[in-house]
Amino acid sequence: MGSALSRPERTVDYVPETVTRSVKLLVAGNFGVGKTTFVNSISEIRPLRTEETITEASVGVDDMAGLPGKSQTTVAMDFGRITLNPTLALYLFGTPGQRRFVPLWEELARGALGALVLVDTRRIEKADEVLSVLEERGVQYSVAVNQFEGAKRYPLEEIRDALDLAPDTPLTSLDARQRSTCLMSLITLVEFLFHRQESRK
């Protein structure tokens, strides 16, 4: 799967002829956790983004605590693609983070093999709702801690306990601005999902 480590130029949008399998994955997480940045960092095609400027209409609706510099938000989805190896393409659907968009999450989850859930340790309690939505709908997931600049670092086992994750749920860390760390978390998710599929046969 290492062939995806170097980013190809974003000039060709068609799927390579060698690809024989494609997988739909969600990139989920609460408001402001870095999903759009993640998809932008890792996609080999120009990502589809549906961001809008945050207006006064969000006051009292969207929780802006801890996000002083956030000026835009995803209102539908982010979409990107990465050819993980010559035969496997991943289609990434970044979900909007606000609770009011849960019906849209449900539509995006149709046909998804699983989800990568991004969490922010500064607002870790916000992850519970996202994890609950996925669990209620039977979507398998792994978790990746987005290490924001200036945020306190915690051992992954402490984060696992705080999120009450199952022992076999993969937990990694990344910087959503750095493609290499995003890719490793994505590979961890794919290997986990494929292993779960094989074990059910």
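Within each chain, residue numbers correspond to sequence positions counted from 1 in written order. In keeping with the predicted nature of the model, local features appear solely for residues at pLDDT of at least 70, side-chain atom pairs appear and are counted solely at 80 or more, and the whole-chain, interface and lining totals rest on all residues. The side-chain numbers reported here are obtained from all heavy atoms of the structure, hydrogens and water having been left aside.

**A look at the pairing of strand E4 (residues 78-85)**
Now for step 1: Among the 8 residues that make up E4, 8 are buried, leaving the element largely enclosed by the rest of the structure.
Now for step 2: Two strands form a pair only when DSSP identifies at least two bridges running between them. Here a strand is any run of E in DSSP of at least two residues, a helix any run of H or I of at least four, and the numbering for each starts at the N terminus. With 7 bridges joining them, E4 and strand E5 (residues 88-94) adopt antiparallel strand pairing. Each bridged residue has a counterpart across the sheet, and for Thr-83 the counterpart in E5 is Ala-89.
Now for step 3: From the end of E4 to the start of E5, which pair antiparallel, there are 2 residues. Relative accessibility decides the category of a residue: with a 1.4 Å probe and only protein chains considered, values under 20% of the type maximum give buried, values over 50% give exposed, and everything between is partly exposed.

**Re unusual backbone geometry**
Now for step 1: Located in the positive-phi region is Asp-164, a residue other than glycine, with phi close to 55°.
Now for step 2: By the element assignment, Asp-164 lies in the loop between helix H4 (156-163) and strand E8 (171-174).

**Re the sheet that holds strand E6 (residues 114-119)**
Now for step 1: A sheet is described by the order of its strands in space; here 6 strands give the open sequence E4-E5-E1-E6-E7-E8, paired in mixed fashion. Whereas interior strands pair on both sides, the edge strands pair on one side only; in this sheet they are E4 and E8. Here the strands of the sheet are splayed against their neighbours by 25° on average, with no regard to which way each runs.
Now for step 2: Here 5 bridges tie E6 to strand E7 (residues 141-146), and the two strands are oriented parallel to one another. If you follow Val-117 over to E7, its bridge partner there is Val-143.
Now for step 3: Any two residues whose heavy atoms approach within 4.5 Å are treated as being in contact. The angle between two axes is taken between their N-to-C directions and runs from 0 to 180 degrees, where each axis is a line fitted to C-alpha atoms and a helix contributes only its stretch in contact. Here helix H1 (residues 35-42) sits on the sheet in contact with strand E1 (21-29), E4, E5, E6 and E8, set at roughly 40° to E4.
Now for step 4: Contacts between helix H5 (residues 179-199) and the sheet are confined to E1, E4, E5, E6, E7 and E8, with E1 contributing the most and set at about 115° to the helix.

**Thoughts on the pairing of E5**
Now for step 1: Where burial is concerned, most of E5 is hidden: 6 out of the 7 residues are buried.
Now for step 2: Taken together, the 7 bridges between E1 and E5 define a ladder with parallel strand orientation. Note on E5: the bridge partner recorded for Lys-24 is Tyr-91.

**Observations regarding the confidence of the model for the protein chain**
Now for step 1: Scored from 0 to 100, pLDDT reflects the predictor's confidence in each residue. Summing up the model confidence of the protein chain, the mean pLDDT is 84 and the portion of residues at 70 or higher is 76%.
Now for step 2: Between residues 57-62, whose pLDDT stays under 50, and residues either more than four places distant or in other chains, the model counts 5 contacts.

**So, the nonpolar core**
Now for step 1: Membership of the largest hydrophobic core comes to 26 residues, with the highest contact counts inside it found for Leu-25, Phe-38, Leu-90 and Leu-186.
Now for step 2: Looking at this core, the elements with two or more residues in it are E1, H1, E4, E5, E6 and H5.
Now for step 3: At 9 residues, H5 tops the list of elements feeding residues into this core.
Now for step 4: Ignoring anything within four residues of it in the chain, the contact list for Leu-186 reads Leu-25, Phe-38, Ile-42, Ile-82, Leu-90 and Leu-92.
Now for step 5: Residues enter a nonpolar core if they are buried and are Ala, Val, Leu, Ile, Met, Phe, Trp, Tyr or Cys, with the set joined through side-chain atoms within 4.5 Å. With 24 residues, the next largest nonpolar core counts Ala-28, Phe-93, Leu-108 and Val-145 among its residues.

**What about helix H3 (residues 127-136)?**
Now for step 1: Taken together, the buried positions of H3 are Ala-127, Val-130, Leu-131, Val-133 and Leu-134. Viewed along the axis of H3, the buried residues span an arc of 155°, placing them on a single side of the element.
Now for step 2: Gly-138, located one to two residues past H3, shows a positive phi value of around 70°. Read the arc as the range of directions from the helix axis to the C-beta atoms.

**Some words on the packing of aromatic side chains**
For any two aromatic rings, the description comes down to two numbers: the centre-to-centre distance and the angle of the planes.
Now for step 1: Any two of the Phe, Tyr and Trp rings considered here, Trp counted by its six-membered ring, make a pair once their centres fall within 6.5 Å; the pair's planes then place it as stacked at under 30 degrees, edge-to-face at over 60, or tilted in between. The tally for this structure, following the rule as stated, stands at 2 aromatic pairs.
Now for step 2: Between Phe-79 and Tyr-91, the aromatic rings sit 6.1 Å apart at their centres with planes inclined by 15°, giving stacked as the arrangement. Here Tyr-91 lies in strand E5 and Phe-79 lies in strand E4, a separation of 12 residues in the sequence.
Now for step 3: Residue class for Phe-79 comes out buried when judged on its relative accessible area of 17%.
Now for step 4: Residue Tyr-91 is classed as partly exposed on the basis of its relative accessible area, which comes to 22%.
Now for step 5: Cluster of aromatic residues (ring-pair linked, three or more members): Phe-79, Tyr-91 and Phe-93.
Now for step 6: The criterion is that NZ of a Lys, or CZ of an Arg, lies within 6 Å of the ring centre and within 35 degrees of the ring normal, and then a charge sits over that ring. In this structure, Arg-21 is placed above the aromatic ring of Phe-194, and the distance from its NZ or CZ to the ring centre is 4.3 Å.

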